[in-house]
Amino acid sequence: MLKKLLIANRGEIAVRIIRAARSLGIPTVAACSEADADSLAARQADEVYIIGPARADRSYLNAEALLQAARDSGADSIHPGYGFLSENAAFAEAVADAGLIFVGPDAQTIRRMGDKAEARRTAMAAGVPVVPGSPGELENLDAALRCAEDVGYPLLIKASAGGGGRGIRIAHDADELRREFPIAQREAQAAFGSDAVYLERFIRQARHIEVQILGDGERAVHLFERECSLQRRRQKVFEEAPSAALNGAQREALCTSAVRLAESLGYRGAGTLEYLFDSHSGEFFFIEMNTRIQVEHPVSEMVTGIDLVQSMLRIAAGEKLEWSQEDIRLEGAALEMRINAEDPERNFFPSPGVVESLGWPQGEGVRVDSHLYPGYRVPAYYDSLLAKIIVHGKDRAEAFARAQQALEDTTLTGMATTLPLHSWLLADPRVQSAQFDTGTLETWLAERAAVAEV
Ligand code: ADP
Ligand code: ADP
Ligand code: MG
């Protein structure tokens, strides 16, 4: 097993990783910025190293500082969490070169799948359908205009290195493509350090469905799918497992395509293959792979009973998968509500502050992943995620009832949060009946804002 694990992250995921390490008897080192010196992760870890100032580029994105903390603390392994350096191939390589274990796939796999245009080619080679689009990156506007004729409008211009819902622009016709293409290139360069972009047909009324996989380098298994269609600005807000849109045959086809792709890569670790699903035609299309743990992983844990973060640590330590696919069963339904420090009544304006009173829901099938404690000051420097409330029930109806109760039982004062948004969502007939796509929440928020203005 791993001897000592350094956590190169913060917030709820740092706390989540500490819990998994502890259950396997692995001592932990929290690598924290100065702004996180009094964080819950810092309080819970066996050791704490301050790696730099609040700004992420000087702390959580500072590979050298993280490696130094690993050396100084005698850690033999590093878990990158999500965001920050989790999908940075150069970091994975530097960790390996320093003689340490990176909890995730090797640098080559991260490089291949982290480049979204390259990931599309890899998926096609494994026989997995992709959204119709450009064969790869586009050299220039002329190439884009030629390619767009085949792809068809409307289409998306996507940054090859993009992520987090950023680096995607829409073009409805050639004129718009002429205007947007250079902007997309410039933005991609500024945000992701590469101006490479590619085109993808815009799939209307698509559902975002993704497959969780685990691989040990030889074999891969899937832990079924999650549906994450309720999004704002292409960022997930509310997720569930399984997807209510799939029938058994569709689920089987989707999940086995993900395993095929993972095995074609000799994938090691936890990963997610994201797809768009057209519920009218029943077709699915691969869009990208995330070679890391994802924010919404708990819903898959709830419906399979498998601890994904523990599994990542075991795989990193060299263990083989302990299950065959038939051992992994789907039980009931789970959903996750992301609680952010944003005010849904004021266009999701960020609202960091100090936690005044705090009470989490309890009971059968209820789980809260959070780094908050009473008196904690939420720093303004980072992602606004405060907590994830996850519920599990024997079916979707029971999960919804438990979610409703969980929201009623939650107390969180001191800042505006997205808690009310989730109450609205749970009460909405479209959400209850699972009649939604990736555009539904935006449309609904726009309608609501229009009504409020009258
Ligand atoms: P998930 O895919 O796990 O649902 P998100 O898309 O919400 O995750 O991303 C998790 C975190 O990682 C967010 O803080 C997001 O901003 C960040 N992130 C994801 N991809 C990138 C990227 N390529 N560059 C910078 N930040 C990213
Ligand atoms: P990121 O790396 O930022 O997570 P993705 O490629 O996963 O980017 O896309 C994020 C979201 O954007 C998807 O969940 C979906 O809502 C939307 N999207 C992406 N590609 C398409 C497409 N071809 N057609 C329609 N919507 C898309
Ligand atoms: Mg994505």
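None of these values were measured; they are calculated from a predicted model.

Cut-offs applied
- Residues numbered from 1 in each chain as written.
- Chains lettered and ligands numbered in written order.
- Predicted model: local features only at pLDDT ≥ 70, side-chain atom pairs only at ≥ 80, totals over all residues.
- Heavy atoms only, no water.
- Helix = DSSP H or I, 4+ residues; strand = E, 2+ residues; numbered from the N terminus.
- Rg over C-alpha atoms; globule rule 2.2 N^0.38 Å.
- Buried < 20%, exposed > 50% of the residue type's maximum accessible area, 1.4 Å probe, protein only.
- Contact = heavy atoms within 4.5 Å.
- Near = heavy atom within 4 Å.
- Polar contact = N/O pair within 3.5 Å; in protein donor to acceptor, adjacent residues only side chain to side chain.
- Nonpolar A, V, L, I, M, F, W, Y, C, P; charged D, E, K, R; others polar.
- Pairing = 2+ DSSP bridges.
- Axes fitted to C-alpha atoms, helices over the stretch in contact; angles between N-to-C directions.
- Phe/Tyr/Trp six-rings, centres within 6.5 Å; stacked < 30°, edge-to-face > 60°.
- Donors = N, O, S within 2.8 Å, 3.2 Å for Na, K, Ca; no water.
- Areas by Shrake-Rupley, 256 points an atom, 1.4 Å probe, with all protein chains shown as cover.
- Parallel < 35°, antiparallel > 145°, perpendicular 65-115°, else oblique.
- Left-handed = near helix turned anticlockwise from the far one by under 90°.
- Right-handed = clockwise from strand over helix to strand, strands pointing away.
- Core = buried A, V, L, I, M, F, W, Y, C linked by side-chain atoms within 4.5 Å.

### Some words on the overall build of the protein chain
From N to C terminus, the protein chain includes 15 helices and 20 strands. For a compact globule of 454 residues, the expected C-alpha radius of gyration is about 22 Å, and the protein chain comes in at 21 Å, within 12% of that figure. The dimensions of the protein chain, computed from C-alpha atoms along their principal axes, are 60 × 55 × 45 Å. Burial status across the protein chain gives 57% buried among its 454 residues. Of all intrachain contacts in the protein chain linking residues separated by at least 6 positions in sequence, the fraction that spans at least 24 positions is 66%.

### Digging into the site of ligand 2
Not every one of the 22 residues close to ligand 2 is listed here, only the nearest: Gly165, His208, Gln231, Glu274 and Glu288. In the model, an oxygen atom of ligand 2 is placed 2.9 Å from a nitrogen or oxygen of the Lys116 side chain. One of the side-chain N or O atoms of Lys158 is found 2.8 Å from a nitrogen atom in ligand 2. Every element with two or more residues in the shell around ligand 2 is listed here: β6 (155-163), β7 (166-171), β8 (197-201), β12 (268-278) and β13 (283-290). In terms of residues, the shell around ligand 2 owes the most to one element, β6, which gives 4 residues. Looking at the shell around ligand 2 residue by residue, the class counts come to 7 nonpolar, 7 polar and 8 charged.

### Remarks on the sheet that holds strand β2 (residues 28-33)
Taken together, the 5 strands give an open sheet; going across it, the order is β3-β2-β1-β4-β5, and neighbouring strands pair in parallel fashion. If you trace the sheet from one side to the other, it starts and ends with β3 (47-52) and β5 (101-102), each paired once. For strand β1 (residues 5-7) and β2, the ladder comprises 3 bridges, and the chain directions are parallel. By the bridge assignment for β2, Leu6 is matched with Val29. This element, helix α3 (residues 63-73), spans β1, β2, β3 and β4 (77-79) of the sheet and lies at about 150 degrees to β3.

### Some remarks on the packing of aromatic side chains
Considering all chains together, one arrives at 10 aromatic pairs under this definition. Ring centres of Phe91 and Phe102 lie 6.1 Å apart, and the angle between their planes is 80 degrees; this geometry places the pair in the edge-to-face category. One end of the pair, Phe91, is in helix α4 (residues 89-97); the other, Phe102, is in strand β5, with 11 residues separating them in the sequence. Side by side, Phe91 and Phe102 carry an identical accessibility label, which is buried. Grouping aromatic residues by their ring pairs yields a cluster made of Tyr60, Phe84, Tyr381 and Tyr382.

### Observations regarding the coordination of the magnesium ion (ligand 3)
Every protein donor of the magnesium ion (ligand 3) is accounted for by Glu274 (OE) and Glu288 (OE), and the metal-donor separations fall at 2.0 to 2.1 Å. Of this pair, Glu274 sits in strand β12 while Glu288 sits in strand β13, placing them 14 residues apart in sequence. In terms of burial, Glu274 and Glu288 fall into one category: buried.

### Concerning the site of ligand 1
Surrounding ligand 1, one finds 15 residues, the nearest of these being Gln294, Val295, Glu296, Arg338 and Asp383. One nitrogen or oxygen atom from the side chain of Lys236 is found 3.2 Å from an oxygen atom belonging to ligand 1. Residue Arg292 places a side-chain N or O atom 2.9 Å away from an oxygen atom belonging to ligand 1. In isolation ligand 1 exposes 550 Å². Once the protein is present, 75% of that is buried. In terms of residue count, the dominant contributor to the shell around ligand 1 is β6 (3 residues).

### Thoughts on the pairing of β8
Within a regular strand, the side chains alternate between the two sheet faces. Within β8, 4 of the 5 residues are buried, which leaves the element mostly enclosed by the surrounding structure. Of the strand pairs in this sheet, β6 and β8 are connected by 5 bridges, and their pairing is antiparallel. Bridge pairing in β8 places Ile157 opposite Leu199.

### Observations regarding unusual backbone geometry
Across the junction of Tyr153 and Pro154, the peptide omega takes the value -5 degrees, indicating a cis bond. With respect to the helices, strands and loops of the structure, Pro154 is situated in the loop between α7 (141-151) and β6. Here the amide bond leading from Ala241 into Pro242 is cis, since omega sits at -10 degrees, within 30 degrees of zero. Following the sequence through the fold, Pro242 ends up in the loop between β11 (235-241) and α9 (248-264).

### Side note on the packing of helix α1 (residues 11-23) against helix α11 (residues 308-316)
Look at α1 against α11: their axes get within 9 Å of each other, and the N-to-C directions meet at 60 degrees. In terms of axis orientation, α1 runs oblique to α11. Both α1 and α11 take part in a crossing whose hand is right-handed. Of α11, the residues touching α1 (which contributes Arg16, Ile17, Ala20, Ala21 and Ser23) are Leu308, Val309, Gln310 and Leu313.

### What about the pairing of β2?
The buried fraction of β2 is high, at 6 of 6 residues. Across the two faces of β2 the burial is the same, with Thr28, Ala30 and Cys32 and Val29, Ala31 and Ser33 all buried. Handedness of the β1-α1-β2 crossover: right-handed. Of the pairings in the sheet, the one linking β2 to β3 comprises 5 bridges and is parallel in character. Residue pairing across strands places Ala31 opposite Tyr49, the latter belonging to β3.

### Some details on the nonpolar core
In terms of nonpolar packing, the biggest core is built from 99 residues, with Leu6, Leu214 and Phe238 touching the most fellow members. Of the residues forming this core, the biggest block, 7 residues, is contributed by α1. With 25 residues, the next largest nonpolar core counts Met113, Val259, Ala262 and Tyr275 among its residues.

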